[in-house]
Amino acid sequence: MKTRSPRAPVTGLMWLQQGATPGTLGQLRHTCEQGDGVGPYGWELHDGVSFGRQRLQDGPFVLTTEFVKRPGGSHGGDWSWRITAEPQTPEGSVSPLLSLFFYVATDGQGTVRPDPGTGGQLNGIDGHTEELGDFRLVLLPPTNAKGTALKYGSYNVLWTPSPGLQLLTEAVKSHLNRWFQHRPPGDSPERYLGLPVSSQWDGENPQSGRTVHGQVVVQQLTLKTPFRVELVFESGSVGLGESRPGGRLAGPVLSQALDTHATAFTHRFEETFRLGARGLSSGEQALGRAALSGLLGGFGYFYGQGLVLPDPGDEGPEEPAAAPSLFPPAPLFTAVPSRSFFPRGFLWDEGFHQLVVHQWEPRLTREALGHWLGLLNADGWIGREQVLGDEARARVPPPFLVQRAAHANPPSLLLPVMRMLDGGDTADLDFLRTAFPRLQAWFSWLRQSQAGPLPLSYRWRGRDQANADLLNPKTLPSGLDDYPRASHPSPDERHLDLRCWVAFGASVLARLAQKLGETQAETELADLAAKLKDENGLDSLHWAPELGAFADFGNHTGAVRLARGPQGLVRVVGHPPPHLQYVDALGYVSLFPLLLRLLSPDSPHLGPLLDLLADSRQLWSPFGLRSLSASSPLYGRRNSEHDPPYWRGAVWFNVNYLALGALAHYGRLEGPHQAHASQLHTQLRTNLVGNVWRQYRDTGFLWEQYSDRDGHGMGSRPFHGWTSLVLLAMAEDY
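- An unreviewed UniProt entry lists the chain under the name Mannosyl-oligosaccharide glucosidase, with Vombatus ursinus given as the organism.
- Word for word, the UniProt comment on the chain under Pathway (unreviewed entry) is "Glycan metabolism; N-glycan degradation."
- On record in UniProt, under Sequence similarities (unreviewed entry), the comment for the chain is "Belongs to the glycosyl hydrolase 63 family."

Next up, the structure:
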């Protein structure tokens, strides 16, 4: 828990299953990690504002964490957490001994101080920060899992300089260096590793201001499962203890608040998405609630300076010699794709995230979009990955720390902007009026900086350079990473998906300009949109008669393969040699004129695209549309020795969601392909939702991608980013 401020105080929880040897220290849990063996875990309910419930399976026990915020006073009010631990061991077996570590840390401003009790148990933790004023945290005595009887616990405490949240796990580990005895009355004693028992300051004088960047207080509680424990945050501006309005948010008062919020969430969820009314099963409805809750529970507030390489100019090298510079400090309030693997902001992911969030809490969408647009530089550029602050930086591989000011990303933030326009909510329109100059600047930078070799053509800057170990140089700025493009990157390339994104963006912003009375901007944007949506112009640049589909164009040969050499796999180019031609890679890129609904319902190309989509030898699978045709030479092929296939066959939900929306769209419009589009929509929705539900039922996770061969989840998990669009697919909300 933290405030949305640059130097926020942070409270949190770690836990450790105790064992007989120090080797168990490797199991100290804190941050979500992809390979930590915990799971399934995730938010079952989360309203994005004031309430949530999360379940975490960790070997022989399950933790349920629940919180409620209660507004009041002049600093935001009170909040409370309840943690319930229940064993998952066979009846009659020994229950696990578990240590919980509750902490509160400051970051350069404010103070925290333990209020010592006896035997390592604190009466509370007192603190003060600029945002929260005076506050007090109280860890209440543990009870049984029902809260009906007190339970014995052993206590330890640490008060020390804070090394920063990114180093806090190791700091706690380093102080777990003594064995203690846990001695419940009437039970045999058990050894456990603990922090010190003294609440004395463990560091330099905290008032000196010389060596202490921040402070952290950690209260360790060790006891046997099952149990329940509550942590109460009380704002000094609300009142004191039991005398506060409504009483202390603990015990029966907390139980009632949790029940009230859970009931309200469930009722509002059905009113909003109507999954029950649509006949979805109770399990599918639980999946929908988890999809929304996991996305909302993954919101984060980041603050820091991004590393950026300047734009070297159109003819500059892809890896400029100049050193990256630090951008000015900036905040970012955003959802993240995956708490365990991608805990930071991703530009093109966020547009899809906010389609879901906006249906539930439009205010959060306005705040998130406002933060993203606040990252705009003087040229109109926004970096595609935002690594802001030490905590975020600690989770990012070095090659991805630096953003390049010449590289774009799909303008998917315009997807929720279009939803706002369609909805007509006054608060949304007021926001869009304020945001319009930045949206316009961002879009202008995109279409000018990524202009292609011919009028109205576009080319993603930032492709990998052709080298000996890459089968097909990647195009990370496109968002489709290793999706096959021209085998030999060159300035002559024309990228179909980018042209379609620019056409979509011009159309959305023209509508917005018209709504806002921005006459000159409306005229310019509408003219651009009309030119880009003209099918004759699209045909002349991207229709490949030999493929019967739309395609990229560039310096290309299909005669490439990876062969084993003395130094590993290397690329071999055969005959015919590369030459300027359409790229024979049928897949998601081929569908973009359909996905973004740029074709008229009587377009001569709509039928062939529907046939491509529906062909099981090409894109159709029982689990959704595969990203690359099963008939492609690069289908399922790794890109290098250490780079497995990513967008080369797997089913990705964000593009499938665009396909569902497009099929529903053409299924409503009169035309020769109306019935076919409608039938494909129904079957694709059944396949997608059914597979995501089965994988969630069997694994407890939403996944980054799904196998087109057997449907199993792949990539990172939990992935409550754009896979949460399964909720809108179930609701048929496009």
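On we go from here.
**Section: the overall build of the chain**
Here is step 1 of the chain: When helices and strands are tallied, the chain shows 16 helices and 31 strands.
Here is step 2 of the chain: Its C-alpha radius of gyration of 28 Å places the chain within 12% of the 27 Å reference for a compact globule of 734 residues.
Here is step 3 of the chain: Each principal axis of the C-alpha atoms in the chain carries an extent, and together these give about 85 × 60 × 55 Å.
Here is step 4 of the chain: Across the 734 residues in the chain, those meeting the buried criterion constitute 58%.
Here is step 5 of the chain: Counted over contacts in the chain with a minimum sequence separation of 6, partners at least 24 positions apart contribute 69%.

**Observations regarding the domain arrangement of the chain**
Here is step 1 of the chain: Taken domain by domain, the chain holds domain 1 (10-204 + 212-273) and domain 2 (277-311 + 324-731).
Here is step 2 of the chain: Distance from the C-alpha centre of domain 1 to the C-alpha centre of domain 2: 39 Å.
Here is step 3 of the chain: Contacts between the two partners involve 24 residues from domain 1, matched on the other side by 33 residues from domain 2.
Here is step 4 of the chain: Of the roughly 2500 Å² buried where domain 1 meets domain 2, counting both sides, 57% is carbon and sulfur surface.
Here is step 5 of the chain: A salt bridge links Arg395 to Glu33; the nearest nitrogen and oxygen atoms lie 3.6 Å apart.
Here is step 6 of the chain: On inspection of domain 1 and its partner domain 2, the count reaches 11 residue pairs in polar contact (both at pLDDT 80 or more).
Here is step 7 of the chain: Contributions of two or more residues to the side of domain 1 that touches domain 2 are made by strand S2 (41-46) and helix H2 (251-273).
Here is step 8 of the chain: In terms of residue count, H2 provides more of the side of domain 1 that touches domain 2 than any other element does, 6 residues in total.
Here is step 9 of the chain: Here the side of domain 1 that touches domain 2 is built from residues that sort into 11 nonpolar, 8 polar and 5 charged.

**Side note on the packing of helix H8 (residues 426-449) against helix H10 (residues 519-533)**
Here is step 1 of the chain: Two elements in contact, H8 and H10, have axes separated by 13 Å at closest approach and are oriented at 35 degrees. The hand of the H8/H10 crossing is left-handed. Between H8 and H10, the residues in contact are Phe436, Gln440, Phe443 and Arg447 and Ala521, Leu525 and Leu528, respectively.
Here is step 2 of the chain: Looking at side-chain class alone, the contact of H8 with H10 contains 5 nonpolar, 1 polar and 1 charged residues.

**Focus on the pattern of salt bridges**
Here is step 1 of the chain: Tallying each qualifying case throughout the model produces 35 salt bridges.
Here is step 2 of the chain: Across the pair Arg136 and Asp115 runs a salt bridge whose closest N-O atoms are separated by 2.9 Å. Here Arg136 is found in strand S9 (residues 133-139), whereas its partner Asp115 is found in strand S7 (residues 111-116), with 21 residues between them in sequence.
Here is step 3 of the chain: A salt bridge links Asp733 to Arg419; the shortest N-O distance between them is 3.5 Å. Placement of Asp733 in the segment after helix H16 (726-730) and of Arg419 in helix H7 (residues 414-423) is noted, with a sequence separation of 314 residues between them. As far as the burial class goes, Asp733 and Arg419 line up, both buried.

**Quick notes on the side chain of Gln705**
Here is step 1 of the chain: Tracing the chain through its elements places Gln705 in strand S30 (residues 705-706).
Here is step 2 of the chain: Overall, the relative accessible area of 6% leaves Gln705 in the buried class.
Here is step 3 of the chain: Of the polar contacts made by the side chain of Gln705, one reaches the backbone oxygen of Tyr646; its length is 3.1 Å.
Here is step 4 of the chain: Apart from the residues within four sequence positions on either side, Gln705 is in contact with Tyr646, Ala650, Val651, Trp652, His712, Gly713, Met714 and Gly715.

**Thoughts on the sheet that holds strand S1 (residues 10-17)**
Here is step 1 of the chain: Read from one edge to the other, the open sheet built from 4 strands follows the order S1-S6-S13-S10, with strand pairing classed as antiparallel. For this open sheet the edge positions go to S1 and strand S10 (154-161), each flanked by a neighbour on one side alone. Ignoring strand direction, the axes of neighbouring strands in this sheet form an average angle of 15 degrees.
Here is step 2 of the chain: Pairing of strand S6 (residues 97-105) with strand S13 (residues 215-224), which is carried by 9 bridges, proceeds in the antiparallel orientation. In the strand pairing of S13, Phe101 is matched with Gln220.
Here is step 3 of the chain: Packing against the sheet, helix H1 (residues 168-175) makes contact with S1, S6, S10 and S13, and its axis sits at approximately 50 degrees to S1.

**Quick look at the sheet that holds strand S5 (residues 78-87)**
Here is step 1 of the chain: If you walk across this open sheet you meet the 8 strands as S2-S3-S4-S5-S14-S9-S8-S7, and the pairing is antiparallel. Each having just a single partner strand, S2 and S7 make up the two edges of the open sheet. Strand-to-strand, the axes of this sheet are offset by a mean angle of 15 degrees, without reference to chain direction.
Here is step 2 of the chain: Inspection of the sheet shows S2 paired to strand S3 (residues 51-58) by 5 bridges, in the antiparallel sense. Residue pairing for S3: His46 is matched across the bridge by Gly52.

**Considering the packing of aromatic side chains**
Here is step 1 of the chain: Considering all chains together, one arrives at 31 aromatic pairs under this definition.
Here is step 2 of the chain: With 5.1 Å between their ring centres and 50 degrees between their planes, Phe269 and Phe273 make a pair best called tilted. Residue Phe269 and its partner Phe273 are located together in helix H2, separated by 4 residues, close to a single helical turn. Judged on exposure class, the residue Phe269 and its partner Phe273 are both buried.
Here is step 3 of the chain: Between Trp647 and Trp722, the ring centres sit 6.3 Å apart and the planes meet at 75 degrees, which makes this aromatic pair edge-to-face. Linking Trp647 in the loop between strand S29 (624-625) and helix H14 (653-668) with Trp722 in the loop between strand S31 (713-714) and H16, this pair joins segments that are 75 residues apart in sequence.
Here is step 4 of the chain: Positioned above the aromatic ring of Phe333, the side-chain terminus of Arg4 is 3.7 Å from the ring centre.
Here is step 5 of the chain: Positioned above the aromatic ring of Phe553, the side-chain terminus of Arg494 is 4.0 Å from the ring centre.

**Overview of the packing of H2 against helix H3 (residues 282-297)**
Here is step 1 of the chain: Taken N-terminus to C-terminus, the directions of H2 and H3 make an angle of 100 degrees; their axes are 11 Å apart at the nearest point. When the axes of H2 and H3 are compared, the pair comes out roughly perpendicular. Contacts from Phe265, Phe269, Glu270 and Phe273 of H2 reach H3 at Gln285, Gly288, Arg289, Leu292 and Ser293.
Here is step 2 of the chain: Looking at the contact of H2 with H3 residue by residue, the classes come out as 4 nonpolar, 3 polar and 2 charged.

**Observations regarding helix H13 (residues 606-614)**
Here is step 1 of the chain: Taken residue by residue, H13 has Leu606, Gly607, Leu609, Leu610, Leu612 and Leu613 as its buried positions.
Here is step 2 of the chain: Where H13 is buried, its residues contact strand S23 (549-550), helix H12 (592-595), strand S28 (620-621), S29, H14 and helix H15 (674-699).

**Quick look at the pairing of S7**
Along a regular strand, successive side chains alternate from one face of the sheet to the other.
Here is step 1 of the chain: With 6 bridges joining them, S7 and strand S8 (residues 122-129) adopt antiparallel strand pairing. Within S8, the position partnered with Asp115 by the bridge is Gly124.
Here is step 2 of the chain: In this antiparallel pair of consecutive strands, S7 and S8, the connection spans 5 residues, and Gly119 shows a positive phi of 60 degrees.

Conventions we followed
Residues numbered from 1 in each chain as written. Predicted model: local features only at pLDDT ≥ 70, side-chain atom pairs only at ≥ 80, totals over all residues. Heavy atoms only, no water. UniProt positions renumbered as here; feature names shortened; annotations may be inferred. Helix = DSSP H or I, 4+ residues; strand = E, 2+ residues; numbered from the N terminus. Rg over C-alpha atoms; globule rule 2.2 N^0.38 Å. Buried < 20%, exposed > 50% of the residue type's maximum accessible area, 1.4 Å probe, protein only. Contact = heavy atoms within 4.5 Å. Domains from an automatic or database assignment. Buried area = accessible area lost by both parts, 1.4 Å probe. Salt bridge = Lys/Arg side-chain N within 4 Å of Asp/Glu carboxyl O. Polar contact = N/O pair within 3.5 Å; in protein donor to acceptor, adjacent residues only side chain to side chain. Nonpolar A, V, L, I, M, F, W, Y, C, P; charged D, E, K, R; others polar. Axes fitted to C-alpha atoms, helices over the stretch in contact; angles between N-to-C directions. Left-handed = near helix turned anticlockwise from the far one by under 90°. Pairing = 2+ DSSP bridges. Phe/Tyr/Trp six-rings, centres within 6.5 Å; stacked < 30°, edge-to-face > 60°. Lys NZ or Arg CZ within 6 Å of the ring centre and 35° of its normal. Parallel < 35°, antiparallel > 145°, perpendicular 65-115°, else oblique.

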